[in-house]
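Coordinate analysis (summary)
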Amino acid sequence: MPFLKNAWYVAAWSEEVEQAPNAQTIIGEHVVLFRDTGGHVIALGDTCPHRFAPLHMGKVMGDHIQCPYHGLRFDNRGRCVHNPFDKVTPAAATVPTYPVVERDRIVWIWMGDPRTANESLIPDFGWLGELDTYAYTALSKMEQSVDYELVLDNLMDLSHGQFLHPTTLGNEAFATGTTETTSTAREVRFNRWNPGGNAPKLFVVGGVAREGDKVDFWNDVRWDAPCSYYLQVGVTPVGQPREQGKFMHSAHLLTPVDANRLVYRYVLARNFAMDNRDITTGIEDLVRYAFTQEDEPVLKAVQQRMAGRDFWDLRPVILKTDKAAILVRRTLQKLMEDERATLTRA
Amino acid sequence: MPFLKNAWYVAAWSEEVEQAPNAQTIIGEHVVLFRDTGGHVIALGDTCPHRFAPLHMGKVMGDHIQCPYHGLRFDNRGRCVHNPFDKVTPAAATVPTYPVVERDRIVWIWMGDPRTANESLIPDFGWLGELDTYAYTALSKMEQSVDYELVLDNLMDLSHGQFLHPTTLGNEAFATGTTETTSTAREVRFNRWNPGGNAPKLFVVGGVAREGDKVDFWNDVRWDAPCSYYLQVGVTPVGQPREQGKFMHSAHLLTPVDANRLVYRYVLARNFAMDNRDITTGIEDLVRYAFTQEDEPVLKAVQQRMAGRDFWDLRPVILKTDKAAILVRRTLQKLMEDERATLTRA
Amino acid sequence: MPFLKNAWYVAAWSEEVEQAPNAQTIIGEHVVLFRDTGGHVIALGDTCPHRFAPLHMGKVMGDHIQCPYHGLRFDNRGRCVHNPFDKVTPAAATVPTYPVVERDRIVWIWMGDPRTANESLIPDFGWLGELDTYAYTALSKMEQSVDYELVLDNLMDLSHGQFLHPTTLGNEAFATGTTETTSTAREVRFNRWNPGGNAPKLFVVGGVAREGDKVDFWNDVRWDAPCSYYLQVGVTPVGQPREQGKFMHSAHLLTPVDANRLVYRYVLARNFAMDNRDITTGIEDLVRYAFTQEDEPVLKAVQQRMAGRDFWDLRPVILKTDKAAILVRRTLQKLMEDERATLTRA
């Protein structure tokens, strides 16, 4: 499957993982998460090596997880440490273990060779931990029957907002404005600047502008390989510097389940009207509607049209507005080729 | 997929196609239909060449259709004529266009090479347009999870009526009578003549005979490649010429969606008791019951039994009553082989 | 498909088969069962050789079965004996016929070469016919989306009772005790002896012991290839001989539908408290819960984890407690290899 393995993926929001086992499928691998007696998140392969029962159907016993079927127990290094029917535990009875880092309310997991796990590659979502500075929407989680690369295409070309989200996230101002795109080996950024357009609905709901008000607005985007996405949206009175305006952070954290499905975790933060619960709810409703009623049906339809064929084999017409999305596809492709080359050599 | 491409298929009833986009899948190809400002039906490939979104999820703007995702617009020749984000529209941004003929309330579509579209091959259903002469059932449309060739087998051998439709379309008289079969390169016809049997239920519902009345009755059938079927059923008092009797036209217009599904369009016309709405409803109910409760379950079961294997590879036992059905299968096979040979040469 | 063909499978409980056609799919083959005018069970291939309609959708006419589609009739030797449209019935129009033996309320079917059907290979479930000696639970039938070999693994290693059925069929005593295992060319037996444990719930429901009572208990198991399983469970006061105790017979009769599904027929008999209907209902409820709420979810999950791959290719860790289950797998494998060798030679 076309996934980068040596990379950090979002395994869960911190609040999802409790002592009881939590099952996730990430880039096709079955993973079970649980907290040990010290509160640390443990991530193990979710298939018992004896009779292939999912460990998450069993129980956590102290620092160990017990298979539901015959009671074998595994420790945080994936070793079988207890066989109820024998004093001996077979040395071959092991499950994979995955490096995990919990940071800023996100549980990150390294899906590749544990020896190469490099914490400095975890993208920065520090604002998610600044609980006194921001008001947050709920930490949301949606499952979508869509290939994650199609969602990245979508997120990296916000020009679709005018057509797919004309009354929610976008408006006709999206057809104008300027975009600057930059990239490095594992990151693509772009900044859009739209002067003098109608205020985006998000800021109308946010109480910052009224419907039809003219504003200057911006979208600053940062994608980190393989599928973490940061978006800052901001508005300022026409002609005023950004500092006079208001902005919102948002995180779009994609976790591919397999080639056809993903888990989409989303949160948005604002540093104004922080005690206004109605604004929070209004933003949550607006975004949920746009994602599930506008984006998802089209992306699922695109996936059906592609019918499992490779994106490039379908010879897509490339527009200028595709620049950042194409950069993301090529960056991912390059990283996967490099990874495959390393594996072949090893 | 085993379909004749250079052929006319029924894309829709005229009344199905309005200005708003209408999606059809025909022999595996995604097609969008809409009416331009002149009321002409346009048929285009339903997949945007940019990011593969279905055009039918977008909007018709005058004579053009606009992609739902990024707003590219296409004209009736399938060319991109508007890119909202650029003055230039890429020459490569085209979608296929299909020849369309609207005639006698049917929209016909040519699925092969547009240069070879030949209107003289459209089968004659002129009676469908004679609105003053006939009373019609509703123009009905059913989706069935069945290969269209199995439906043709069914329609070309009406002897099944006695067993599958003993109280609806058929009766025990179907085991007797005589059949004459003729064929040309793209057409198979057969005429059945059943003297002195019980009146078919259709004519009882039609008010022409009573249950158990003896009549002479006939079925005249014309199949045109690939999957248009005309049936005339008639009854006359025993020993009297046809002209003394009553008859009904019916059209069975099959449109294969893919190898496992089809759209079945059906209509029946009579030139007697024309103002009797109860008779029309009675016929509609009788036919719908026979198709959906009697034919479809057996045909779906046959398809499951065949499990994707080729009909001939399964070595079917051939009976005398299979003559017309086998002719249709062989005619289609011959046409497809000829077409493949032409494509290979080109 | 990985099935033994020259073997007796359970086609149905006797009470399932009446005059009307009864459809079963057994090791991937479609079979129709019906009773002839003498009350004998006939088993034929369920696909008409003419147009592949399932015969079970037709009707039994005396000793023959009539195809629903065109009325061909077949006798108990699978020969077409009537064609409504022709005096001649084509010699090629035949369906397979299967040897059947009805014994002790079970209809056994031989799925291989009829000439090799050997009644002496039918496993003994004589207690099922001793209606005056035992009280029986209902003859139950469940469909499960599980490979039958996974169910055999489960049944041949009862140590899972402690973990998967801690409050129903098993308890913590299952981790102790001794097991003796023996086998022959087509049979594997094991006897478990658990002295001094808590009384199994089945005997609490049975009114023989109270929750927490200490007892000696046993499980005597006999598996016959390919998938018939007999279990005797018994309890006796601690230190007393078996004859002082109580026991129950049970039959677990698996019929593979295909590689991913089976029909599980189950019945339990006791020779005490025979008139107590509440005990019968209590046992039925307990067992149904254990099978459908405890075993089946884990077995389905195991099957998903295996994802169609071969058991041995997945390199399962083998524990001492797997002895009987592994013997069953190896015995089946040997029998299938021998059968394939015979077929190749023939």
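Look a little higher up for the structure.
Below is a short write-up of the structure.

Digging into the interface of chain A and chain B
With 29 residues of chain A at the contact, the number on the chain B side is 24 residues. Summed over both sides, the interface of chain A with chain B buries roughly 2,200 Å², with 66% coming from carbon and sulfur. Looking at the side of chain A facing chain B, the largest losses of area belong to Phe163(A), Arg305(A) and Val317(A), adding up to 36% of the total buried there. Run the count over chain A and chain B and you get four salt bridges. A salt bridge links Arg51(B) to Asp153(A), with the shortest nitrogen-to-oxygen separation between them at 3.6 Å. Among the elements of the structure, helix 1 (148–156), helix 2 (161–164), helix 4 (277–306) and helix 5 (323–345) of chain A are those that each provide at least two residues to the side of chain A that touches chain B. For the side of chain A that touches chain B, the element with the highest residue contribution is helix 4 of chain A, accounting for seven residues.

A closer look at the packing of helix 1 (residues 148–156) of chain B against helix 4 (residues 277–306) of chain B
Residues and elements named next belong to chain B. Remark: helix 1 packs on helix 4, axes separated minimally by 10 Å, with the N-to-C direction vectors making an angle of 130°. In this view, helix 1 runs oblique relative to helix 4, as classed from their interaxial angle. Between helix 1 and helix 4 the crossing geometry is right-handed. The residues of helix 4 that touch helix 1, namely those facing Leu150, Val151 and Asn154, are Asp295, Leu299, Val302, Gln303 and Met306.

What about the relation of the copies chain A and chain B?
For the pair chain A and chain B, the relating rotation is 120°, the translation along its axis is 0.1 Å, and the fit reaches an RMSD of 0.0 Å. The relationship between the two copies is best expressed as a three-fold rotation axis. For chain A, the residue whose C-alpha comes nearest the rotation axis is Gly308(A), separated from it by 12 Å.

Quick word on the sheet that holds strand 6 (residues 64–66) of chain B
Residue and element names in this part refer to chain B. Read across the sheet, four strands follow the order 5-6-7-8 without closing on themselves; strand pairing throughout is antiparallel. Because the sheet does not close on itself, it has two edges, and the strands there are strand 5 (59–61) and strand 8 (80–82). Of the pairings in the sheet, the one linking strand 5 to strand 6 comprises three bridges and is antiparallel in character. By the bridge assignment, Lys59 is partnered in strand 6 with Gln66.

How each quantity is defined
- Residues numbered from 1 in each chain as written.
- Chains lettered and ligands numbered in written order.
- Predicted model: local features only at pLDDT ≥ 70, side-chain atom pairs only at ≥ 80, totals over all residues.
- Heavy atoms only, no water.
- Contact = heavy atoms within 4.5 Å.
- Buried area = accessible area lost by both parts, 1.4 Å probe.
- Salt bridge = Lys/Arg side-chain N within 4 Å of Asp/Glu carboxyl O.
- Helix = DSSP H or I, 4+ residues; strand = E, 2+ residues; numbered from the N terminus.
- Axes fitted to C-alpha atoms, helices over the stretch in contact; angles between N-to-C directions.
- Parallel < 35°, antiparallel > 145°, perpendicular 65-115°, else oblique.
- Left-handed = near helix turned anticlockwise from the far one by under 90°.
- Least-squares fit on C-alpha atoms with pLDDT ≥ 70 in both.
- Pairing = 2+ DSSP bridges.

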